[in-house]
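Notes for the structure review
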Amino acid sequence: RLSIDSINPSSLSLQTVRHGFPYQPTALAFDPVQKLLAIGSRSGGIRILGRPGVDCYCQHESGAAVLQLQFLINEGALVTACADDTLHLWNLRQRRPAVLHSLKFNRERITFCHLPFQSKWLYVGTERGNTHIVNIESFILSGYVIMWNKAIELATKTHPGPVVHLSDSPKDEGKLLIGFESGTIVQWDLRAKKADFRIYYDEAIHSVSWHHEGKQFMCSHSDGSLTLWNLRNTTKPFQVTFPHGKIQKDGRKESCKPILKVEYKTSRNSEPFIIFSGGLSYDKAGRRPTLTIMHGKAITVLEMDYPIVEFLVLCETPYNNEVQDPYAVVVLLEKDLIVVDLTQSNFPVFENPYPMDVHESPVTCTAYFADCPPDIIPILYSIGAKHKKTGYSQKEWPISGGTWMLDVKNLDCSDTITLQMLYKLKTSKAFEKPKVGDGRAAELVEEDPFAVQMVSWCPQSRIFCVVGISAHIILYRFSKYDANTQIVSLEVRLQCEPEDVISPSENENNPCFTESGSHSPHHQQPVNAGNRTPEGNKDSTPCLKVKERMVRVPPGYQSELVIQLQWIDGEPPQQITSLDINSAYGLLAFGNCNGLAVVDYLQKTILLCMSTLDLYGATDPYQRLTRSPRRNRQSTSGLTELTDNQQSIDMERSKSPTSGNRHTHSLSNTFAPATAASMLFPRWKCLSRENSFSHSRSSSVSSIDRETKEAITTLQFGESFGRKTDALPTPCLWVGTSLGVALLIPMSIPTDQEERMDEPVAIGPSGVLMLKGSVLRFGFLDCMGALIQSPYEVWRDLNAAEDPDRPRRRKLVHFSPSSSQDACGDGHLAVVCSERQAKVFLMPSQSCLFVHNITESSFVLRADIVSVYNSACLACFCANGHVMTLSLPSLRPLMDVNYLPLTDMRIARTFCFTNGGQALYLSSPTEIQRITYSQEMCDNLQEMLGELFTPIETPEAQNRGFLKGFFGGNAQTFDREELFGEASAGKASRSLAQHIPGQGGVEGMKVAATGVVGDLARARIALDERGQRLGELEDRTALMMTSAETFSKHAHEYQNKRSPLLPQSSSH
């Protein structure tokens, strides 16, 4: 009666896309013709950004930090210099850029690179002060080297320091300006192989910038000064300024911080721009990092929220010998990217179209939803847009390179690779502001007391739940209208008094059920909204104070109910570890390591509040010994899996070195390996602080590891069979615990709308199922293997004006297990996944049909039951970094990829799967990594990726005019090939650098990606090559014609010389 699994293992693979702000950025580059921006990071990553939708992520295999980036302007290539002293050439003429060549320096460290526009020779400065030259096409060193001891005077005995600047003179490409860290500046004549002039300045140099005419350049120094140098007289600076250094009363200047970079840009219609970072005086402590714009006599100081890593001035022309006409400044901060509009006097910033503020506050959890209702995204966007900041520049975003052509007809909106911020919600608005030193929230957590720990969202009903770190839950409803509302507050006393020693049963699937008298029951009576605080206990207060007054709430998500756990006996409440909400039932369930609570959010009452032990009733699968209450409850709950060791408790206690006596709980540093639960919820303090993710947990741990509370690890509402004798499915709550127990709790919910608001919901515990390890996920299938969705309520706006003729009623959508399977009977399948294994049960008989041990050496951190290719599968992410998928219902392994090692707790907390073969996690504090394990999605991904390179004609150089060209322009032609080529310069030493061919292939520069743009690129390249060949053919034809004319002339002359002798010869 069961379907055959329809997913083919060969159809699963992995592809990735990255969103957010590059973590720990280090370098910045811009292509002024292609309009592309590149950002390098400390981990070796590169983000290439163009127009919205054009966003590409590349990664150096070495993982070395990116020191510098250089575009081959309008060539579709990028040079990266990394901290491991390796240069890489990336091909950008394909959708996924690849490395064409690498050059590893063995004896010198790279400090600065410079690539002149339309040149194939890259200048590379090193820490030793030498300058090497690399051929970009072959990526081989030239034999031409500018040694530091030749650059400076021979009489100078001190080393000038590393090369910090290289640039060719705008006036003459044959002149190379070399800046050394110590303050020495040399203009090197490349043809004559000697220095034109040398400048020795007392202050260290950080950067140099030319005036476009090539007669002046400006330097920034470590003392906060700017020096302007004129080439007519290099003995002293033409001008020295301290932009932020004021003269003190004693006549001395204030000491200033270094100016790390300066840009000197001329403008056709106004005064030049001098833009620099740093330079503030030291006495102004606590001032934020600044970017200063000097335009004529006006000085504008822009304060930044984060330290400035790098900035670039965007200009209209790529030529350095033309008037620059700057129009924007790109400022790369440690945690943000800002673009300033220079064309307006108030210098507004552009609105960033990329979602780079994911980390606006630290990300603590993620949830991923595919196949959302089509109307939810537009309404969230329209409401979220009303709260956007204003004052942005009205001009278009200047980083507009690349092309992105998405075929909307063939691709679902959830398949797009872009990320767009729709809506923001601040949960702190539901509470009163805590006063300094007041309240218990600060005692409970060291971080923000409002930090979000977990979310649950029902897209159909638009109900949203947030779990906070202060043991609180906020329920939000969505409305398109603003409203005056009063937030209802419920306080829950969830505690676990008895201490239990747990002994495993003899058979996992058939546990020996003990009588209820074998433990000390501690039942909590249901508490309603009017009876929240038990009498006689003054300590029963929550961590935060909910706003009690009427509040005006804007359209969007509006808080309706706040549930908080109380302090008990001076102890803070344990954090909430599981949550589920069902809009059709009107119920919300949550649990922690003390027990379970169920809340009716329609009637605003607490239906159930009891310890995990009490949920079993007479069906407890474990033998437990009553323990005396422990004084310090906060330091409990190291969660470890139930062992298979069958020794008695007394035997174990006699062996345990930490046993102590029977009525005390001895805390020690006994090793207790991490579990999925303890990793995701760090307040569940394991007895050991060991953070070994991949350590295998022993099957015979000591009794101190067993003496733990049984935490609620997962919850799921759904239509199921609560008892084996049930003939029809009823609303049920499935409860999973940290000891591998799955509990079924059937509920009786009034079906009539009026009765539902008045009549109580009846709840009664029932069946028990067993697994190895902490239970992580539940799912339900019909007997044909199709996923059964949880019932939901269709969204209705409670703040909308009510039509008296059509009163609003709740519209519920149910998915019955027997609705589409007449031939299969009335049962359904329940999928239960734990840290170690997955099982499929047939309901209502509760018989186990399939079982699969997912891992023995590690444990599952995240498991989700998702739909791929219209079929259900179980997707798992393990602590050893493996991503696995299992078919359903047979639990046949489909894919097992060693994707990434779990090196960070952030990955464990944020990894989640969704339908369509997709998953995401936080790869860094500022970046979201999306992956897909569906081959169809991988194929579509190639089409969805934007084209980075677009065939664009290079702007022509401006006509400089006869007089300007005659008296001071590029009067001399400069042939770098003749100077740096092997014929004249010879070969460089092989030991100096090693050439490494890249994966992109030698011909990769000429092979563009597939697609229309790729065809255009190939056509352009072919035309260029054809034009070049035609030009060469014309040259050869002209040469042949010249040769023919010369030969004809010489032949004619020869014939004329011999003509008088011809008659004589004829007479013979």
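Read on for an overview of the structure. (Residues numbered from 1 in each chain as written. Predicted model: local features only at pLDDT ≥ 70, side-chain atom pairs only at ≥ 80, totals over all residues. Heavy atoms only, no water.)

This part covers the sheet that holds strand β27 (residues 326-333). One open sheet holds the three strands; their spatial order is β26-β27-β28, and the pairing between them is antiparallel. A single partner strand is all that each edge strand has here, and the edge strands are β26 (308-315) and β28 (337-341). Neighbour to neighbour, the strand axes of the sheet diverge by 20° on average, direction disregarded. When β26 meets β27, the two strands line up antiparallel, connected through seven bridges. Note that in β27 the partner of C315 across the bridge is P326. (Pairing = 2+ DSSP bridges. Helix = DSSP H or I, 4+ residues; strand = E, 2+ residues; numbered from the N terminus. Axes fitted to C-alpha atoms, helices over the stretch in contact; angles between N-to-C directions.)

This part covers the nonpolar core. Formed by 27 residues in total, the largest nonpolar core has its most connected members in L587, L596, L615, L733, V735 and M747. At the level of secondary structure, the elements contributing two or more residues to this core comprise β38 (587-591), β39 (595-600), β40 (605-611), α4 (612-616), β42 (712-720), β43 (730-737), β44 (741-748) and β46 (768-770). Residue contributions to this core peak at four residues, all from β44. Counting residues in hydrophobic clusters, the runner-up holds 24 residues, among them L565, I581, F590 and C609. (Core = buried A, V, L, I, M, F, W, Y, C linked by side-chain atoms within 4.5 Å. Buried < 20%, exposed > 50% of the residue type's maximum accessible area, 1.4 Å probe, protein only.)

A word on helix α2 (residues 376-385). I376, I379, L380, I383 and G384 are the residues of α2 that are buried. Each buried residue of α2 sits inside an arc of 125° when the element is viewed along its axis, so together they form one side. (Arc of directions from axis to C-beta.)

For the coordinates displayed, the defined rule picks out 23 aromatic pairs. With a centroid separation of 5.7 Å and an interplanar angle of 55°, the aromatic rings of F464 and Y557 are classed as tilted. Of this pair, F464 sits in strand β30 (residues 463-468) while Y557 sits in strand β36 (residues 556-565), and the two are 93 residues apart along the sequence. For F464, a relative accessible area of 18% puts it in the buried group. On the basis of an interplanar angle of 75° and a centroid distance of 5.9 Å, the ring pair of F913 and Y933 is categorised as edge-to-face. (Phe/Tyr/Trp six-rings, centres within 6.5 Å; stacked < 30°, edge-to-face > 60°.)

Here we take up the side chain of S207. With respect to the helices and strands, the residue S207 is situated in strand β18 (residues 205-210). Separated by 2.8 Å, the side chains of S207 and S220 make a polar contact. In this structure the side chain of S207 is engaged in a polar contact, spanning 2.9 Å, whose partner is the backbone nitrogen of V262. (Polar contact = N/O pair within 3.5 Å; in protein donor to acceptor, adjacent residues only side chain to side chain.)

Turning to the pairing of β43, a few remarks are in order. Burial within β43 is extensive, with seven of its eight residues counted as buried. In terms of strand pairing, β42 meets β43 through eight bridges, oriented antiparallel. The residue bridging T714 from the neighbouring strand is G736, located in β43. When β43 meets β44, the two strands line up antiparallel, connected through five bridges. Within β44, the position partnered with V735 by the bridge is L743. The hairpin formed by β43 and β44 contains three residues between the paired strands, and G740 there has a positive phi angle of roughly 80°.

What follows concerns the pattern of salt bridges. According to the stated counting rule, one finds 32 salt bridges in the structure shown. Salt-bridge contacts for K424 lead to D357; the nearest nitrogen and oxygen are separated by 3.2 Å. One end of the pair, K424, is in the loop between α2 and α3 (441-444); the other, D357, is in the loop between β28 and α2, with 67 residues separating them in the sequence. A single salt-bridge network, built from bridges that share partners, covers R18, R47, D55 and E927. (Salt bridge = Lys/Arg side-chain N within 4 Å of Asp/Glu carboxyl O.)

With that out of the way, let us pick up unusual backbone geometry. Note on backbone geometry: most residues besides glycine have negative phi, and most peptide bonds are trans. A cis amide bond links M843 to the next residue, P844, at an omega of 10°. Tracing the backbone through its elements, the reader meets P844 in the loop between β51 (837-843) and β52 (847-853). Backbone torsion omega between L888 and P889 reads 10°, so that peptide bond is classified as cis. Phi at N74 is positive, roughly 60°, even though this residue is not glycine. Along the chain, N74 turns up in the loop between β6 (66-72) and β7 (77-82). Non-glycine residue A471 carries a positive phi angle of around 60°. With respect to the helices and strands, A471 occurs in the loop between β30 and β31 (472-479).

Further remarks concern the environment of K987. Along the chain, K987 turns up in the loop between α13 (982-985) and β60 (993-997). For the pair K987 and L141, spaced 846 residues apart in sequence, the C-alpha to C-alpha distance is 7.5 Å.

Before going further, it helps to spend a moment on the sheet that holds strand β56 (residues 893-898). The antiparallel open sheet is built from four strands, whose spatial order is β53-β54-β55-β56. Of all the strands in the sheet, just β53 (860-868) and β56 have a single pairing partner and so form its edges. Averaged over all neighbouring strand pairs, the angle between strand axes comes to 15°, with direction disregarded. Judged from the five bridges that link them, strand β54 (residues 871-878) and strand β55 (residues 882-887) form a sheet pairing that is antiparallel. Across the sheet, residue C873 finds its bridge partner in β55, namely S887.

Of all seven residues in β40, seven are buried, a share of seventy percent or more. When β39 meets β40, the two strands line up antiparallel, connected through six bridges. Each residue of the ladder has a partner; that of A597, found in β40, is C609. If you look at the hairpin formed by β39 and β40, you'll find four residues sitting between the two strands, and K604 has a positive phi there, around 60°.

Our focus in this paragraph is a negative patch on the surface. Where like charges cluster on the molecular surface, the negative patch consists of D752, E754, E755, D758 and E759. Note on placement: E755 falls in helix α8 (residues 753-758). (Patch = residues over 30% accessible without salt bridge, like charges linked within 9 Å, V, L, I, M, F, W, Y side chains within 5 Å. Areas by Shrake-Rupley, 256 points an atom, 1.4 Å probe, with all protein chains shown as cover. Lys, Arg positive; Asp, Glu negative; His and termini not counted. Charge placed at Lys NZ, Arg CZ, Asp CG, Glu CD.)

The next point concerns the state of the cysteines. The full count for this structure, using the stated rule, is zero disulfides. C56 provides the cysteine sulfur closest to C58, a residue in no disulfide bond, and the two sulfurs are 4.0 Å apart. Relative accessible area serves as the criterion here: at 5%, C58 is assigned to the buried category. Of the cysteine sulfurs around C873, a residue in no disulfide, the closest is that of C876, at 9.1 Å. On the accessibility criterion, C873 (1% relative accessible area) is buried. (Disulfide = S-S within 2.5 Å.)

A word on the environment of E982. Inspection of the secondary structure puts E982 in helix α13. Its relative accessible area of 52% is what places E982 among the exposed residues. A sequence separation of 841 residues divides E982 from L141, and the C-alpha atoms of the two residues are 9.5 Å apart.

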